[in-house]
Amino acid sequence: MLRTLNIENIAVIEKAQIEFNNGLNVLTGETGAGKSIVVDSINAILGERTSRELVRHGADYAFVSAFFEDITQTVSDKLHELGYKTEEDGTLLLTRKITEAGKSVCKINGASATVSILKEIGQQLVNIHGQHDSQSLLNPDSHYLFIDMLSDNKEILNDYKNSFHKLITVRRRLKALTTDEEDKDRALELLNYQIKELEAADISVGEKAELTKKKQLMENSEALLLVLNNALSALSGDDEFNGAATLVSSSAKEVSSLNSASENIKKISSRLSDISEEIEDIKDLINSEVAGLDFNEAEREQVEERLDLLYKLSAKYGETEEEMLAFLENAKEKRNSILYNDEELEKLTNEYDSLFDEVVKKAEELSEHRKKIVSEFESNVKTQLEFLDMPKIQFIVHFDKGKLSSTGYDKIEFLISTNPGEPAKPLAKIASGGELSRIMLAIKNVIVHNDTIGTLIFDEIDTGVSGRASRKIGLKLKSVSKETQVITVTHSAQIASAADEHFLIEKDFENNKTYTKVSPLDFEGRKKELARIMGGLQITDTLLKSAEEMLISQEDI
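Below you will find a few notes about this structure.

Reading the values: the criteria
Residues numbered from 1 in each chain as written. Predicted model: local features only at pLDDT ≥ 70, side-chain atom pairs only at ≥ 80, totals over all residues. Heavy atoms only, no water. Helix = DSSP H or I, 4+ residues; strand = E, 2+ residues; numbered from the N terminus. Buried < 20%, exposed > 50% of the residue type's maximum accessible area, 1.4 Å probe, protein only. Contact = heavy atoms within 4.5 Å. Pairing = 2+ DSSP bridges. Axes fitted to C-alpha atoms, helices over the stretch in contact; angles between N-to-C directions. Phe/Tyr/Trp six-rings, centres within 6.5 Å; stacked < 30°, edge-to-face > 60°.

## Quick word on the side chain of Ser-276
Residue placement: Ser-276 occurs in helix H10 (residues 263-292). What makes Ser-276 buried here is its relative accessible area of 12%. Residue contacts for Ser-276: discarding those within four places in its chain leaves Ala-245, Val-248 and Ser-249.

## Examining the sheet that holds strand S11 (residues 425-426)
Pairing is antiparallel across the open sheet formed by three strands, whose spatial order is S9-S10-S11. Strands at the two margins of the open sheet, each flanked by one partner only, are strand S9 (394-405) and S11. Inspection of the sheet shows strand S10 (residues 408-417) paired to S11 by two bridges, in the antiparallel sense. If you follow Ile-416 over to S11, its bridge partner there is Lys-425. Contacts from helix H13 (residues 341-387) reach S9 and S10 within the one sheet, and its direction differs from that of S9 by about 165°.

## Some details on the packing of aromatic side chains
Two aromatic rings, taken as a pair, are described by how far apart their centres are and by the angle between their planes. Across all of its chains, the model carries eight aromatic pairs by this definition. Ring geometry for Tyr-352 versus Phe-356: centroids 6.2 Å apart, planes at 25°, classification stacked. On the criterion of helical spacing, the pair formed by Tyr-352 and Phe-356 is a turn pair, its members being four residues apart in helix H13. Tyr-352 gets classed as buried once you look at its relative accessible area, which sits at 18%. The class for Phe-356 is partly exposed, based on a relative accessible area of 35%. Aromatic ring contacts, followed pair by pair, group Phe-146, Phe-377, Phe-395 and Phe-414 into a single cluster.

Here you go:
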C-alpha cells in the first residue's frame, strides 16, 4: 500500500508530504485548491505520461516519490522479472524527476529505470479510477482478470498456462527446423566450423586458471634469473672487465705485501681478505640458486600460445571453459537437428499436434470454469450497483471465442445498459466517468477478498450523484478499505465523513505566488471542513453540529 507521497514543484505545490493510512483516505478542498494535482503526481510516479507543463513555474525540475509498504508477491515477482531487487522488509521506493525540458529520471529502490518499467510496476501497485481514467475497465483485454480473481481453482489457469508455454516452445522449434535449404547450408557451415574449432582446442575445465598461474611463475623466474646473473656478472666480471671478486682479491694481495708495521694497514689487509672470501661465498650461493631455477623459454612460449588461443575462443564462445564446452554441446545438438531434420520434424509435428489438442481441451475447461463464475459475479455486481443508486443498469459479462493465447481463448468484455430496453454495449462507449467509478467500486466490493492491487484511488467518484447516493458510496468505499487501501478525492461530506484519515488541500498566496498545502485534519478540523462542504462560505453552528453528528455516526461503521 502507498504509505508516503512526496511532491516537489508540481504545478502549484512547492513541497508536500502526505502520510496515508491503511483504510479510507479522503482528500477535500475548495475547487481549484489543487486536489487533482495530487492525483496527477501519483499518476506521474506510476509511469503515466507527463509534460514539462507539470513543473512549477520558476523551478528547474519537479520531483515525486512514493514509498510503499507490504508489497504483494505479484509486485515482488514483477520486480524480479524486470531485474530489480526487493527489500527484505517488503517496502518499495519509486522516484521520478521531471526536468524543465520535460525529461524524466526514474528510479526503483535507488536503481535506474525507464518510464515504461515504472508503468509496469505501477499497474501492479495502484488502480486509479476517475472521470477520465478507469484504465482496467476501459480495456476489455483486462476484463478476464476480474473473473479469474474470483476463481477458487487457480490450478486450472496455471495448468493451462504451462501447457500453452510448452506448445509455444515446440512451435518455435518447428519454425527453426523449417527454414529454407540455403539457410540450413549456411547454418551447417558455421556449426561445423565452430565444432571443429572447439574440438581441436580440446578444452578442459580449470585449464585457463592453471596456465595463468604457471605463466606468472615463469615470469617471476625469468625476472629473478636476470637479476641473479647481473649480480654474478658484477662479482665475477668477464673478458673485458674485472669483477668485484678479482678487484677485491688483488687489492687484498697488494696491501698484504706491504709488510707495513702500521696497525691500520694490517686491519685493511685483514678486512679485504674477509671481503674477498665473502664475495666468493656469495658467488657460490648465486650459482647454486641459478642452477635450481628451472626456466624453459620454449615451455613459456607454449603456455602463452595456449592462453592466447583460450582467450580468443572465450571471446567467441563463452568466458569460462564450462560455457565454451556448453556452446560446443549445443552446437552439436543444432547440427544434429539439421542433419536429421526430417526425422526431427516429424517428431516435433506429432508433439505439436498432441499439445495443441491438449491446450484446446484445457482452454475449453478454463472457459467453462469462468462461465460458472460469471453468473454469480453479474448478480453480485448488479446488487452492488443497485445499492449505489444505479438500479436500472444492466451489467453483463460477454464471452466470445478468440485466438489461443496465454490466458485461454476467451474474449471477455463487460457490457452495460443504462436504460431498460436498450441493448447492452461496451463500457467504454456509453459509461460516463462517474458511472465508471461506481461500477469499479461495485466490482471491487465483489472481488475485494481476491484482489492483488494494494491501493485504489477514486477521483471525484461522487460527481453527478445525490447526497443519498454519496452516502452509499461512502459506505462502499469504507467496506472496500477494510481489505484494500482506498484514497479518494471528493466534494461530498457524506463520503468525507467516512474517512479513516482526512486531508485538507488549501491554496495560499504569498509574495505574489500561489502555494498549495496538504494537511491532515483532527476531529475539530474535520468538523469545520465538513461544514464548509455542506454550507459553502458561511459556516454556522447548525452546520458544525450536523458535521459532528455525521462524524460520530461513522464511528459505529
